[in-house]
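Structure at a glance
Listed here are the chains, written in short residue letters.
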Amino acid sequence: MKISKSPWLLHYDASSCNGCDIEVLAATTPVYDIERFGIINTGNPKHADILVITGGVNAQNATVVKQIYSQMPDPKVVVAAGICACDGGIFKDCYNILGGTDTVIPVDVYVPGCAVRPEALIDGISKAIAMLDEKKQAAIEHASCQIHYEDKED
Amino acid sequence: MNIKEVTADTILKEAQAMKIEKYRLIQICATKVEEGNIELLYTFGDRNDEAHFRFVTDGKTPIPSISHLYWPAFLYENEIHDLYGIHVDNMVLDYRGGLYRTAEKAPMVKE
Amino acid sequence: MATRSVVPFGPQHPVLPEPIHIDLVLEDEKVIEAIPSIGFIHRGLEKLVEKKDFQEMVYVAERICGICSFGHGYGYVDAIEHIMSIEVPERAKYLRMILFELSRLHSHLLWLGLLADAFGFESLFMDTWRIREGILDMFEESTGGRVIFSINKVGGVRRDIPDEMLKRFVKKLDEIESEVGVAARAFLEDSAVKTRLCGIGKLTAREAEELGCCGPMLRASGIRRDTRKLGYLAYDDIDFDIIASDVGDSYARTEVRLGEIFQSIDIIRQAVSKLPGGETEAPVKGFPDGEYMTRIEQPRGEACYYVKANGKKFIQRMRVRTPTFANIPALTKILQGCDMADVPIMVVTIDPCISCTER
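Residues numbered from 1 in each chain as written. Chains lettered and ligands numbered in written order. Predicted model: local features only at pLDDT ≥ 70, side-chain atom pairs only at ≥ 80, totals over all residues.

Brief notes about the overall build of chain A
Going by this rule: By definition, any uninterrupted DSSP run of H or I lasting at least four residues is a helix, any uninterrupted run of E lasting at least two residues is a strand, and each is numbered from the N terminus. In this description the radius of gyration comes from C-alpha coordinates, and the expected globular size is given by 2.2 Å times residues to the power 0.38.
Helix and strand counts for chain A come out as four helices and five strands. For chain A, the N- to C-terminal ordering of α and β elements is β-α-β-β-α-β-α-β-α. Over its C-alpha trace chain A gives a radius of gyration of 16 Å, about what one expects of a compact globule, namely 15 Å for 154 residues. With respect to the principal axes defined by its C-alpha atoms, chain A has extents near 55 × 35 × 20 Å.

Quick look at the overall build of chain C
A tally of helices and strands in chain C yields 12 helices and eight strands. A compact globule built from 359 residues should have a C-alpha radius of gyration of about 21 Å, and chain C, at 21 Å, falls within 12% of that. Overall size of chain C, expressed as C-alpha extent along the three principal axes, is 70 × 45 × 35 Å.

Comments concerning the interface of chain A and chain C
Here is the rule: Note on contacts: residues are paired as contacts if their backbone-placed C-beta atoms lie within 7 Å. Gly is placed with the polar residues, together with every amino acid not listed as nonpolar (Ala, Val, Leu, Ile, Met, Phe, Trp, Tyr, Cys and Pro) or charged (Asp, Glu, Lys and Arg).
With 33 residues of chain A in contact, the opposing surface of chain C contributes 35 residues. For the side of chain A that touches chain C, the per-class residue count stands at 17 nonpolar, 11 polar and five charged.

Considerations on the environment of Lys-105 of chain B
Within the secondary structure, Lys-105 of chain B sits in the segment after β6 (88-89). Remark: the alpha-carbon pair of Lys-105 of chain B and His-81 of chain B, spanning 24 residues in sequence, is separated by 9.6 Å.

Some thoughts on the interface of chain B and chain C
Bring the parts together and some accessible area is lost; that lost area is often taken as the interface size. Listed per partner, the contact involves 20 residues of chain B and 26 residues of chain C. The dominant element in the side of chain B that touches chain C, judged by the number of residues it contributes, is strand β2 (residues 24-32) of chain B, at six residues. Taken together, the residues of the side of chain B that touches chain C sort by class into 11 nonpolar, six polar and three charged.

Remarks on the packing of helix α4 (residues 122-143) of chain C against helix α5 (residues 163-189) of chain C
Residue and element names in this part refer to chain C. Applicable threshold: To get an axis, a line is fitted to the C-alpha atoms, and for a helix only the part in contact is used. The angle between two axes follows their N-to-C directions and goes from 0 to 180 degrees. Orientation categories follow fixed angle ranges, with anything under 35 degrees roughly parallel, anything over 145 roughly antiparallel, 65 to 115 roughly perpendicular, and all other angles oblique.
Interaxial distance between α4 and α5 falls to 10 Å at its minimum, and their mutual angle equals 170 degrees. With respect to their mutual orientation, α4 and α5 come out roughly antiparallel. Residues Leu-124, Asp-127, Thr-128, Ile-131, Gly-134, Met-138, Glu-141 and Ser-142 of α4 pack against Met-165, Phe-169, Lys-172, Ile-176, Glu-179, Val-180, Ala-183 and Ala-186 of α5.

Re helix α1 (residues 11-20) of chain B
Residues and elements named next belong to chain B. Using the following cut-off: Working definition of burial: number of other C-beta atoms within 10 Å of the residue's own, with buried at 20 or more, exposed at 12 or fewer, and partly exposed in between, all C-beta atoms being placed from the backbone. The arc in question is traced by the directions running from the helix axis to the C-beta atoms.
What α1 keeps buried is the set Ile-11, Ala-15 and Met-18. Each buried residue of α1 sits inside an arc of 55 degrees when the element is viewed along its axis, so together they form one side. Away from its buried face, by an angle of more than 90 degrees, α1 presents the exposed residues Lys-13, Gln-16, Ala-17 and Ile-20. Next to the buried residues of α1 lie β3 (38-45), β4 (50-57) and β5 (63-64). Of the residues flanking the end of α1, it is Lys-22, one or two places downstream, whose phi is positive at about 65 degrees.

Remarks on the environment of Gly-88 of chain A
All names here are of chain A. Position of Gly-88 relative to the elements: it lies in the loop between α3 (83-87) and β5 (109-111). On a C-alpha basis, the gap between Gly-88 and Val-57 in space is 7.8 Å, while along the polypeptide they are 31 residues apart. Not counting chain neighbours up to four residues away, the residues in contact with Gly-88 comprise Gly-56, Ile-97, Gly-99 and Gly-100.

Observations concerning the nonpolar core
What tends to happen in soluble globular proteins is that the nonpolar side chains get buried as a cluster. Just so we agree on the cut-off: Throughout this description, the term nonpolar core refers to a group of buried Ala, Val, Leu, Ile, Met, Phe, Trp, Tyr and Cys residues whose C-beta atoms join them within 7 Å.
By size, the foremost hydrophobic cluster in this structure holds 193 residues, and its most contacted members are Ile-50, Leu-51, Ile-53, Val-79 and Ala-81 of chain A together with Tyr-76 and Val-307 of chain C. For this core, the element with the most residues is helix α3 (residues 90-118) of chain C, which contributes 17 residues. What Val-79 of chain A contacts, discounting residues up to four positions off in sequence, is Ile-50, Leu-51, Val-52, Asp-108, Val-109, Val-111, Gly-124, Ile-125 and Ala-128 of chain A.

As for the confidence of the model for chain C
The condition is simple: Each residue carries a pLDDT score, the predictor's confidence in it, ranging from 0 to 100.
Averaged over every residue, the pLDDT of chain C is 87; the share at 70 or more is 99%. Under the prediction, the complex receives an ipTM of 0.87, its pTM being 0.89.

Side note on the packing of helix α2 (residues 69-83) of chain C against α3 of chain C
It is the contact of α2 of chain C with α3 of chain C, at a shortest axis distance of 8 Å, that shows an interaxial angle of 145 degrees. Taking contact as the criterion, the partners of Phe-70, Gly-71 and Tyr-74 of chain C in α2 of chain C are, on α3 of chain C, Arg-96, Leu-99, Phe-100 and Ser-103 of chain C.

Things to note about unusual backbone geometry
Trans peptide bonds make up most of the peptide bonds, and negative phi angles are found at most residues other than glycine. Here the amide bond leading from Asp-74 of chain A into Pro-75 of chain A is cis, since omega sits at -10 degrees, within 30 degrees of zero. Structurally, the position occupied by Pro-75 of chain A is in the loop between α2 (59-71) and β4 (77-81). With omega at -10 degrees, the peptide bond leading from Cys-114 of chain A into Ala-115 of chain A counts as cis. Locating Ala-115 of chain A in the fold gives a position in the loop between β5 and α4 (118-146). Positive phi, close to 50 degrees, is recorded for Ser-85 of chain C, a residue that is not glycine. Along the chain, Ser-85 of chain C falls in the loop between α2 and α3. Ser-85 of chain C gets classed as exposed once you count the C-beta atoms within 10 Å, which come to 8.

Points about the sheet that holds strand β8 (residues 317-321) of chain C
Whenever strands of a sheet pair, they do so through backbone hydrogen bonds, lying parallel or antiparallel. Residues and elements named next belong to chain C. To keep things clear, this is the line we draw: Strands were regarded as paired on the criterion that DSSP finds at least two bridges between them.
In spatial order, the strands read β6-β7-β8; together these three strands make up an open sheet with antiparallel pairing. A single partner strand is all that each edge strand has here, and the edge strands are β6 (289-298) and β8. Pairwise comparison of adjacent strand axes, ignoring direction, gives a mean angle of 10 degrees for this sheet. As judged from the five bridges shared by strand β7 (residues 301-310) and β8, these two strands associate in the antiparallel manner. Note that in β8 the partner of Cys-304 across the bridge is Arg-321. Helix-sheet contacts for α2 involve β6, β7 and β8, and the interaxial angle to β6 is about 145 degrees.

Some thoughts on α5 of chain C
What counts, and what does not: In a helix, the anticipated span is given by 1.5 Å times the number of residues less one.
If you check α5 of chain C, its first and last C-alpha atoms are 38 Å apart, about what 27 residues at 1.5 Å a residue would give, namely 39 Å. Those residues of α5 of chain C not exposed but buried are Phe-169, Leu-173, Val-180, Ala-183 and Phe-187 of chain C.

Brief notes about the sheet that holds strand β1 (residues 4-9) of chain C
Residue and element names in this part refer to chain C. Strand order in the open sheet formed by three strands is β1-β2-β3, and the pairing between neighbours is antiparallel. Both edges of this open sheet fall to β1 and β3 (30-37), since each of them pairs with a single strand only. For this sheet, the mean angle separating the axes of adjacent strands, direction not counted, is 20 degrees. As judged from the six bridges shared by β1 and strand β2 (residues 21-27), these two strands associate in the antiparallel manner. Bridging from a neighbouring strand, Val-6 pairs with Val-25 of β2.

Let's talk about the pairing of β2 of chain C
Residue and element names in this part refer to chain C. Here β2 runs beside β3; their pairing, made up of seven bridges, is antiparallel. Counted as the bridge partner of Glu-27 is Lys-30 from β3. Connecting β2 to the antiparallel partner β3 that follows it, the hairpin turn spans two residues, and Asp-28 within it adopts a positive phi of roughly 55 degrees.

The following block contains the structure:
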């Protein structure tokens, strides 16, 4: 797969049990090491291209998730890592869980697992990178249709 | 488990006695029991020994706080307030329901 | 007097793998007061007892936290086993103890990495996490899972671990021990690291006791209390000393946790050499009726599991008092009077596990 840019990653723990969080971190550290693809785990939403959410969303952190998402520049891709982020998982029946990440923001890639395995996560992120490129291309095409009189791209 | 049954009025006295004995507070736990009543279990501990105190409250009458004797108790008491809806009097740090900001009030007593 | 300002810290912060929110009241660069608020990962799993039966609750208990997963599962099944008077076979106890100590190793190594990340020593963070992968490989080989492996069940363990495999693990642990030894030099002797840790977040023995601290946080302040000395599982047969320090700062906490890594390796060695043969699970009949409170020593400190049941399939109450919950009052104390720049280090040195705390 060709990677057109080095996408940076932002991880937010919605209401995960930590199992997926530490696997997300494990994916960035030696042995799995997604940093070899130029991916850096950043702490700043404004630097990030890919948002990795672990855990289901509850009433209190729903606004945090939305805010982080809105702070990220376009194009952006959301990866729901682990079964709780996909649909609530084992905590689906808990009183304080609204559901998966897609109850508050649009999700592009769903990575299953409890806890998510680093291999699966790398697979998910590589899918996210492909989608990032697609979205970027679509944005360029959209922009060139809109502003046809300006000789401007990107 | 060796549990001493007390009442909401005497728990302060028992906590005081525990403090003099240099026991530490291990935990405070609320359990929903029959007819909307809530059972409160206070656990104190020495190095190897545990002392349990229990009383039942109806969930509406305020209970006294032991946080001026055991400062860390404020966390447990705020937790009980937020999850069980029991009002705790005279907490050293009162979050006024803001410790766990759950979507619904007192979720643990709901059916 | 300088003007006061309030700086919100978290829930999303580069140094925090988990969300906690602290309102920091600052006077210039000094923190005057810190008010923590939690609830970002509150799920309400204690109420799941109404929907999952007492056997299924083991899986829920394990998912209180993915880092201390084994301990939570064990604490819950131990309470149930006491209520049901189940005699767990000796071999199962030893296997549980070995896995518990492996969990402690993985948790402490993880913490060391996060600490290195907090003070900006990225290569050290990467190195400790590389060492930790060796432990996770052992989990995967013996149980099938990397972080949450559900090997505990009411009555024993789900599968036996062959003796040869355990002997191989002990050999691997020798390698890990020497690797941790190299990393430990960086943590304890590097002058730049020392300037970030020494004298930061001091807590006296008296304060630690009054604030209800537990685990390495308490022991680093000079109080020698370790719940393992109560002798649950097979800890009575094992020869180990409580590791403590009298200094009480962030450096002492690092020292204690590093000491516990070597101690855990030693405990595993002793346990494997004494491992008895035989069954690994006892039969379970009927439903639990009664109540019990178990106390165990998790990597982060003492944890309590209270279970109340009334002879039905669904238990009445499962209550978990986790170590971080007990350490939060101390965090607010050590944050008072510190520099704003040291806040991340201090939050990390209590080894916060917010997921445990909020359940």
